[in-house]
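Residue strings, one per chain:
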Amino acid sequence: MENSEEQEVCKIAAFDASSQNLLKTALKDPGNVDLSKAANVIVDQSLRDATFSKEAGKMCYTIILAESKQTGHSIFRSSLLDRLQQEYQNRNELRARSVQEWVCYVSFMCNVFDYLRVNNMPMLALVNPVYDCLFELAHPDSLKKEEEVDCLVMQLHRVGEQLEQVNMQRMDELFSLLRDSFLLQGELSSMTQLLLLEIIEFRAASWRMTDAAQKYYYSEVSE
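You'll find the protein chain entered in an unreviewed UniProt entry as MIF4G domain-containing protein, with Hymenochirus boettgeri given as the organism. Quoted straight from UniProt, the Sequence similarities (unreviewed entry) entry for the protein chain says "Belongs to the MIF4GD family."

As structure tokens, then:
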């Protein structure tokens, strides 16, 4: 646990001094800090910082464990889920305001979904919101934006297998949409076509990257 805390402390260097102190206390002594405020600080930073948004789920998980161990409560988790729901309800406005903030939000929510567990199972409250966001990233307009395509493929690599285990029908629908876009939608960049083909084959191979696919796709990307 100490190593985990130390790793999370290293990630908060980009925060202002007040927020750093808040989060350090939340990680080590959660009973003596405003955990609702800590959840909002983490979400706000995740919307601004693309790198942090991809890693913040582990910090959230560490705080949740520390709070449960120390107090037996789940104030931080409830506050985090409330804020995620609020941003989810306003996602159209978020995307219209900033595609960068939108993809950061999706990355963060998927990262939280990846780490948070209830009885060693994915948090079901997040399943449909995550799916909804991935469907929006798979919309024809979104597939014309490189940031959204990159986000879609990255999140499917991260949580696609877990999502499929809890709702295969929606995953089938999502990949039907992606296949149709790959085959029928004009104006897709060659990189988008490559990424769509790669993720379609990745799922077909039971969410595993074969050596041949690794060599083919990532030599193409590097060139």
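Having seen it, we continue.
J.: Tell me about the side chain of S53, and please be specific about residues and values.
T.: Here S53 is to be found in helix α4 (residues 50-53). Within polar-contact distance, the side chain of S53 engages the backbone oxygen of A50 at 2.7 Å. Apart from residues lying up to four places away in sequence, S53 is in contact with S46, C104, S107, F108 and N111.

J.: Which residues make up the packing of helix α9 (residues 127-137) against helix α11 (residues 168-184), and what values go with them?
T.: Interaxial distance between α9 and α11 falls to 11 Å at its minimum, and their mutual angle equals 5°. Taken together, the axis directions place α9 and α11 in an arrangement best described as roughly parallel. Here α9 contributes N128, Y131, D132, L134 and F135 to the contact with α11, which in turn contributes R170, M171, E173, L174 and L177. Here the residues of the contact of α9 with α11 are counted per class, giving six nonpolar, one polar and three charged.

J.: I'd love a proper account of the nonpolar core, names of residues and values included.
T.: Counting residues in hydrophobic clusters, the biggest one holds 64 residues, and the most contacted among them are I42, F76, L80 and Y105. Among residues more than four places away in sequence, those in contact with F76 are L35, A38, A39, I42, C60, I63, I64 and E67.

Rules used throughout
- Residues numbered from 1 in each chain as written.
- Predicted model: local features only at pLDDT ≥ 70, side-chain atom pairs only at ≥ 80, totals over all residues.
- Heavy atoms only, no water.
- UniProt positions renumbered as here; feature names shortened; annotations may be inferred.
- Helix = DSSP H or I, 4+ residues; strand = E, 2+ residues; numbered from the N terminus.
- Polar contact = N/O pair within 3.5 Å; in protein donor to acceptor, adjacent residues only side chain to side chain.
- Contact = heavy atoms within 4.5 Å.
- Axes fitted to C-alpha atoms, helices over the stretch in contact; angles between N-to-C directions.
- Parallel < 35°, antiparallel > 145°, perpendicular 65-115°, else oblique.
- Nonpolar A, V, L, I, M, F, W, Y, C, P; charged D, E, K, R; others polar.
- Core = buried A, V, L, I, M, F, W, Y, C linked by side-chain atoms within 4.5 Å.
- Buried < 20%, exposed > 50% of the residue type's maximum accessible area, 1.4 Å probe, protein only.

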